[in-house]
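Report on the structure
The primary structure of each chain is shown beneath.
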Amino acid sequence: RWPVQGLTLSAVSHYRLFPKALGQLVAALGVRELHLALTQGFWRTRTWGQPPLQAPAGAELWVWFQPNVTNVDKAWKELSNILSGIFCASLNFIDSTNTVTPTASFKPLGLANGTDHNLLRYAVLPREVVCTENLTPWKKLLPCGSKAGLAVLLKAERLFHSSYHSQAVHIRPICRDASCLAVSWELRQTLSVVFDTFSSGQGKKDWSLFKMFSRTLTDACPLASESKVYVDISPKNKEKELLEVTPPPTSVHEAIVQGEKRTYAVYDLLSASLFNTSRSLNVQLKWKRPEDSSELPTPVLHAHRYVSGYGLQTGEISTLIYNSHPYRAFPVILLETVPWYLRLYVHTLTIITKGKENKPSYIHYQPAQDRRRPHLLEMLIQLPANSVTKITIQFERALLKWTEYPPDPNHGFYVGSSVLSALVPSVIAMKDVDVEQSPLFTSLFPSSDGSSYFVRLYTEPLLVNLPTPDFSMPYNVICLTCTVVAVCYGSFYNLLTRTFHVEEPSRGGLAKRLANIIRKFRGVPLL
């Protein structure tokens, strides 16, 4: 958190912990909030449970600009180009064809006097591949880099040998105190990784920091005022403790996270008694009964998305939204962004819940323009308790120009993930005391009034095939044409330009005359 005077950073010239590259970027372009996520893989909700911080596959960027920004589109283009250079990503491919301005989704997460949606821009690049060149600049933004503190564990070789990897940067203005008379800028860097310890650990789900990262913690970052490791040791059955962590934790913390009561073993890296004589901390977790470790609760809200149909002319996009709460219904905002080359038939939009039509209470549709902007569809849908809602819409595939196809057109064209935003009812209500005692969890998992918590989910990105010409035919035509031209033209050219000369037989040279003289003396016929 960076205390400043007001929401403008133009007069700031001293940077201590806040990265200067991001501070100057926010000041120069009038950024109010910035959220960037680079993700490799897809979070499997059915297998891994509710995601702590989810992001769509690829690159996601959404930004709120200050009200004094006159040309938002120009600032958005400059911002994406600068971030592309900072994080070594392909964000420079963000343009008007994949940028939308949502009206109901992606409300500001920090201080906001007004919510004029014209100051918001959102874009996703589902084809972006995340690798080490994106992780290195992300680690350089940390005050201690990867030299000390928790970032010592961030070894690229181990992080990218995982089932899911997501790194994010969030910048927003927040209140410095309860009275909110002063403002601070908050920079939050998050990293979510899913390791498959079952396959790498010979069928065991026991893990340790060294097994996952090939490193251990040595010390805290000298610039950090707080450095802690939280290990979820929540028992599924109150009567049986199934988990065992070593070494013994510094303290135990309880918090309400996503509607459930969780127990965490806390390791405070600033505590001198935590480290042993070797100056290393290797947290280990063991299951007392391995057969109990495979149970994961089904999330209250989860979704699934797929494309159906046959042929290369028409198709259908289907989205299934599950509400597994036994008795509570709640609304959800669905955001669909579809590229312009898939022409949606809005009159075919159907929403079916429990065999009946479910009419949305709010709908916003912005049609696409060829080669200019994508389709934008936002709906507010009520999800009944213990139900499955199916949303379908048909589309027609467009035929692109031959210069608009990527180098591998037969791989397919990506369609960005759908975004679900909802206030999900909590199983356990959060008290005001919990909010004060656990600021980390309340900032990561905000709760409106304690009875519900906010969830933003992303579905799978789609891969759609378009009518693709045979790009090998021009090569075949060129080869055949050149062969015919070479043979025919060459023959005619030789016939038209070649001249013929008749050679008269000569009497022979010196060698022939010498041979005839010798043959004459020998009495042999002359040559």
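Cut-off values and rules
- Residues numbered from 1 in each chain as written.
- Predicted model: local features only at pLDDT ≥ 70, side-chain atom pairs only at ≥ 80, totals over all residues.
- Heavy atoms only, no water.
- 1 Å grid on protein atoms, 1.4 Å probe; cavity = no way out; pocket = protein on both sides within 12 Å on 5 of 7 lines; lining within 4 Å.
- Points joined across faces, edges and corners; volume = space filled by probe spheres on them.
- Helix = DSSP H or I, 4+ residues; strand = E, 2+ residues; numbered from the N terminus.
- Nonpolar A, V, L, I, M, F, W, Y, C, P; charged D, E, K, R; others polar.
- Expected span 1.5 Å × (residues − 1).
- Buried < 20%, exposed > 50% of the residue type's maximum accessible area, 1.4 Å probe, protein only.
- Polar contact = N/O pair within 3.5 Å; in protein donor to acceptor, adjacent residues only side chain to side chain.
- Pairing = 2+ DSSP bridges.
- Disulfide = S-S within 2.5 Å.
- Salt bridge = Lys/Arg side-chain N within 4 Å of Asp/Glu carboxyl O.
- Axes fitted to C-alpha atoms, helices over the stretch in contact; angles between N-to-C directions.
- Parallel < 35°, antiparallel > 145°, perpendicular 65-115°, else oblique.
- Contact = heavy atoms within 4.5 Å.
- Arc of directions from axis to C-beta.

1. Brief notes about empty space enclosed by the protein
- With the rule as written, the count across this model stands at three cavities of 30 Å³ or more.
- Taken as a whole, the largest cavity spans an internal volume of roughly 90 Å³.
- Residue lining of the largest cavity: I317, T319, L334, E336, V338, L344, L349, L377, M379, I391, T392 and I393, and that is the complete set.
- Mapped onto the lining of the largest cavity, the elements with two or more residues apiece are β15 (314-323), β16 (330-338), β17 (342-353), β20 (375-383) and β21 (387-397).
- For the lining of the largest cavity, the residue count by class is nine nonpolar, two polar and one charged.

2. Observations concerning helix α3 (residues 72-87)
- If you check α3, its first and last C-alpha atoms are 22 Å apart, about what 16 residues at 1.5 Å a residue would give, namely 22 Å.
- Residues of α3 that are buried: V72, A75, W76, L79, S80, L83, S84 and F87.
- If you check the start of α3, you find a side-chain oxygen 3.4 Å away from the backbone N of D73, and it comes from N71.
- In the segment just after α3, C88 is the residue with positive phi, at about 60°.

3. Things to note about the sheet that holds strand β18 (residues 356-357)
- In space, the five strands of this open sheet follow the order β14-β15-β21-β17-β18, with antiparallel pairing throughout. Looking along the sheet, the strands with just one partner apiece sit at the ends: β14 (301-308) and β18.

4. With respect to the state of the cysteines
- Scanning the model with the defined rule gives one disulfide in all.
- Residue pairing for C144: its cysteine sulfur links by disulfide to C221, the two sulfurs lying 1.8 Å apart. Sign of the S-S torsion, about 70° for the bond between C144 and C221, identifies this disulfide as right-handed. One end of the pair, C144, is in the loop between α4 (132-140) and α5 (156-159); the other, C221, is in the loop between α7 (209-213) and β9 (228-232), with 77 residues separating them in the sequence.

5. Structural notes on unusual backbone geometry
- Each neighbour pair has its own omega, and for T246 with P247 the value is -5°, a cis peptide bond.
- Note that P247 resides in the loop between β10 (243-246) and β11 (251-257).
- Even without glycine at this site, S214 takes up a positive phi of about 60°.
- Here S214 shows up in the loop between α7 and β9.
- S214 gets classed as partly exposed once you look at its relative accessible area, which sits at 29%.

6. Overview of the pattern of salt bridges
- Tallying each qualifying case throughout the model produces 12 salt bridges.
- A salt bridge links R127 to D408; its shortest N-O distance comes to 2.6 Å. Here the residue R127 occupies a position in the loop between β5 (120-125) and α4, and D408 occupies one in the loop between β21 and β22 (413-415), the gap between them amounting to 281 residues.
- With a shortest N-O distance of 3.5 Å, K261 and E254 are connected by a salt bridge.

7. What about the packing of helix α1 (residues 20-29) against α3?
- Relative to each other, α1 and α3 sit at 170°, their axes nearing to 11 Å. Put simply, α1 runs roughly antiparallel to α3. Every residue of α3 that contacts α1 at A21, L22, L25 and L29 is listed here: A75, E78, L79, I82, L83 and I86.
- Residues that form the contact of α1 with α3 fall into these classes: nine nonpolar, no polar and one charged.

8. Looking at α1
- Within α1 the residues assigned to the buried category are L22, G23, L25, V26 and L29. Down the axis, α1 shows its buried residues gathered within 165° of arc, on one side only.
- Looking at the buried residues of α1, the elements they touch are β2 (31-40), β3 (58-65), α3, β6 (164-175) and β7 (183-194).
- Looking one or two residues past α1, G30 carries a phi angle of roughly 65°, positive in sign.

9. Focus: the pairing of β5
- The buried fraction of β5 is high, at six of six residues.
- Of the pairings in the sheet, the one linking β3 to β5 comprises six bridges and is antiparallel in character. Bridging across to β5, E60 finds its partner in V124.
- Looking at chain direction, strand β4 (residues 99-100) and β5 are connected through two bridges and run antiparallel. Its bridge partner being in β5, V100 is matched across the sheet by Y122.

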